[in-house]
Amino acid sequence: MSFKPHGKHLIAGTWVLSEQKFTSDPAHGPAHDYCVGTPELVDQACRAAEDAFGSFGYSSRVDRAAFLNAIADEIEARAEAITEIGTQESGLPEARLQGERGRTSGQLRLFAEHILKGDYLDRRHDPALPDRAPLPRPDLKMIQRPIGPVAVFGASNFPLAFSTAGGDTAAAFAAGCPAVVKGHSAHPGTGEIVAEAIHAAIEKTGMHPGVFSLIQGGKRDVGSALVQNPMIRAVGFTGSLVGGRALFDLCAARPDPIPFFGELGSVNPMFLLPHAIAARGAEIGAGWAGSLLMGAGQFCTNPGIAVALPGADGFVSAAEAALTEAAGQTMLTDGIADAYRSGVARVADGRGVAELLGTACTGRNAKPYLYRVAARDWLADTALQEEVFGPLGIVVDARDADEMAEVASALQGQLTCTLHMDAEDTDQAQNLMPIVERKAGRILVNGFPTGVEVCDSMVHGGPYPASTNFGATSVGTLSIRRFLRPVCYQNMPDALLPRDV
Ligand code: NAP
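Since we're looking at a predicted model, the values are computed, not measured.

## Description of the overall build of the protein chain
Move 1: Within the protein chain, the secondary structure is distributed over 14 helices and 21 strands.
Move 2: Over its C-alpha atoms the protein chain spans a radius of gyration of 24 Å, differing by no more than 12% from the 23 Å that the globule rule assigns to 501 residues.
Move 3: Counting only C-alpha atoms, the protein chain reaches 70 × 70 × 40 Å along its principal axes.
Move 4: Taken over 501 residues, the protein chain has a buried fraction of 58%.
Move 5: For the protein chain, contacts bridging at least 24 residues in sequence account for 77% of all contacts bridging at least 6.
Move 6: When the 41 basic and 56 acidic side-chain charges of the protein chain are each reduced to a single mean position, those positions are 6 Å apart.

## Here we look at the sheet that holds strand E19 (residues 414–420)
Move 1: Read across the open sheet, the 7 strands follow the order E15-E17-E18-E13-E12-E19-E20; overall the sheet is mixed. Unpaired on one side and paired on the other, strand E15 (354–357) and strand E20 (440–445) mark the two borders of the sheet. On average, each strand axis in the sheet is tilted by 20° relative to the strand beside it, whichever way the strands run.
Move 2: Contacts between helix H14 (residues 426–437) and the sheet are confined to strand E12 (270–272), E19 and E20, with E20 contributing the most and set at about 155° to the helix.

## A few points about the pattern of salt bridges
Move 1: Summed over the entire model, instances satisfying the criterion amount to 25 salt bridges.
Move 2: Residues Arg376 and Glu406 are paired through a salt bridge, measuring 3.0 Å at the closest nitrogen-oxygen approach. You can see Arg376 sitting in helix H12 (residues 375–380) and its partner Glu406 sitting in helix H13 (residues 401–410), a full 30 residues away along the chain.
Move 3: Residue Arg376 is classed as partly exposed on the basis of its relative accessible area, which comes to 37%.
Move 4: Each member of the salt-bridge network shares a partner with another, and the members are Glu74, Arg78, Glu196 and Lys204.

## Overview of the sheet that holds strand E10 (residues 234–238)
Move 1: Judged by pairing direction, the sheet is mixed, and its 7 strands sit side by side in the order E2-E1-E9-E8-E7-E10-E11 without closing on themselves. The open sheet terminates on both sides in strands that have one partner only, identified here as strand E2 (14–16) and strand E11 (260–263). On average, each strand axis in the sheet is inclined to that of its neighbour by 20°, with strand direction left out of account.
Move 2: Across 4 bridges, the pairing between strand E8 (residues 179–182) and strand E9 (residues 212–215) is parallel. Of the residues in E9, the one forming a bridge with Lys182 is Ile215.
Move 3: Sheet contacts for helix H6 (residues 188–205): strand E1 (9–11), E2 and E9; angle to E9, the most-contacted strand, approximately 165°.

Rules and cut-offs
Residues numbered from 1 in each chain as written. Predicted model: local features only at pLDDT ≥ 70, side-chain atom pairs only at ≥ 80, totals over all residues. Heavy atoms only, no water. Helix = DSSP H or I, 4+ residues; strand = E, 2+ residues; numbered from the N terminus. Rg over C-alpha atoms; globule rule 2.2 N^0.38 Å. Buried < 20%, exposed > 50% of the residue type's maximum accessible area, 1.4 Å probe, protein only. Contact = heavy atoms within 4.5 Å. Lys, Arg positive; Asp, Glu negative; His and termini not counted. Charge placed at Lys NZ, Arg CZ, Asp CG, Glu CD. Pairing = 2+ DSSP bridges. Axes fitted to C-alpha atoms, helices over the stretch in contact; angles between N-to-C directions. Salt bridge = Lys/Arg side-chain N within 4 Å of Asp/Glu carboxyl O.

Next up, the structure:
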């Protein structure tokens, strides 16, 4: 049976109405009315989160693991309804929503396992040395403790895996932090049904209802009130450079600045090394086109530029042929489709840029574009470095290995950098490694960066503007670190220690 959203916010276990409404704008299917969030409701949710932290912050890992698994179960119990409303709102294909749901429940379960193992606590102990001269040493124990209520911004491009019960919320819950989620107005119904699943898990496991609230969006003051609320201790965000930077600045300007873990923009460059391109340029070019087209290019890991050396024409024509055959795809929102067209225009007007594939897309429809530019011109026009959110690729032609290294050095921070190489390219790759290692959170060889594995070793972050905190990742178990802080306990009797020490 289809899910019929009621359009309310969920604040600490109660579904709440607010006066003003907005109407959703689904890619297909019926539109619904949703309550617009307000700063007052944000405050109510944040106070409830702070209240919940008193017990949740001291809950056992076993209890939190049960809670995370219960959320995953409740999401799976609503699988069909989630896929239906998710595809309607986002325009993404059913298979994508199904896969993303699996990733969402999978990462909740992964965090449950992770906290049960306990390594993340990074327990340290320096026993007392009462006879040490000249001064005795006290007993010192250190452990990672939850930071407090966390604000989470639902991402437009991942209605499940980076939204209401997505990676940020899962990491916060795993750490012992309540979460206040600001829903993305591109998928308010998906947000509502997932909130219903979290609510059911709270009731099933007896958690304090304030551990989770969902405030629907609709107005800018919801986000700014949330990051400025004195109860909030950290923020998880995925979105635009402009929006993320505005919220980051608000966090820094607070009387008590808090960390803003923003994942903003990245062009995810690929470096095409000569032996690999001579041996299998066409195959790599077709693979690149497939990666660019995935999800209509609306991935933060979309590989927007390919840096080539002379001899890459086979690569370029294979990419062009594969992109030419691509059908139009529906973008997530009208705003994102408009931003895509502006990005296309910016690249097309760039210094020395030649158009290889120029298509026409209107409304919420996206078609691919392919451009080619000499490295000299790319280096001189910084606008060509900016992320274009959509299926647009730029081939940057370097004259030689030195110029390729110059392009690498000029890059801003990236989520990923990719080397396409054969064994004979090893020397050149070795020269590039110290450069790209300083630019990106993840470096790939002979692959495509779209498709981010959720696991212990994943790093989804990188120097600014890829993220606002390059010591962190927003995917994988290490992302729990964002919501923890080390506390040292000196000469503390056991009765006063948190139970995990
Ligand atoms: P966005 O505009 O940055 O919005 C993300 C969230 O932040 C929304 O909840 C939005 O609220 C809020 N927000 C943005 N600016 C704000 C401000 N100044 N004050 C308070 N709240 C603010 O991102 P989007 O809507 O997802 O997509 C727009 C563009 O972002 C895309 O075209 C793309 O370029 C980029 N994007 C990049 C990635 C990536 O992974 N790199 C992912 C998604 C989007 P409202 O909805 O209420 O405005």
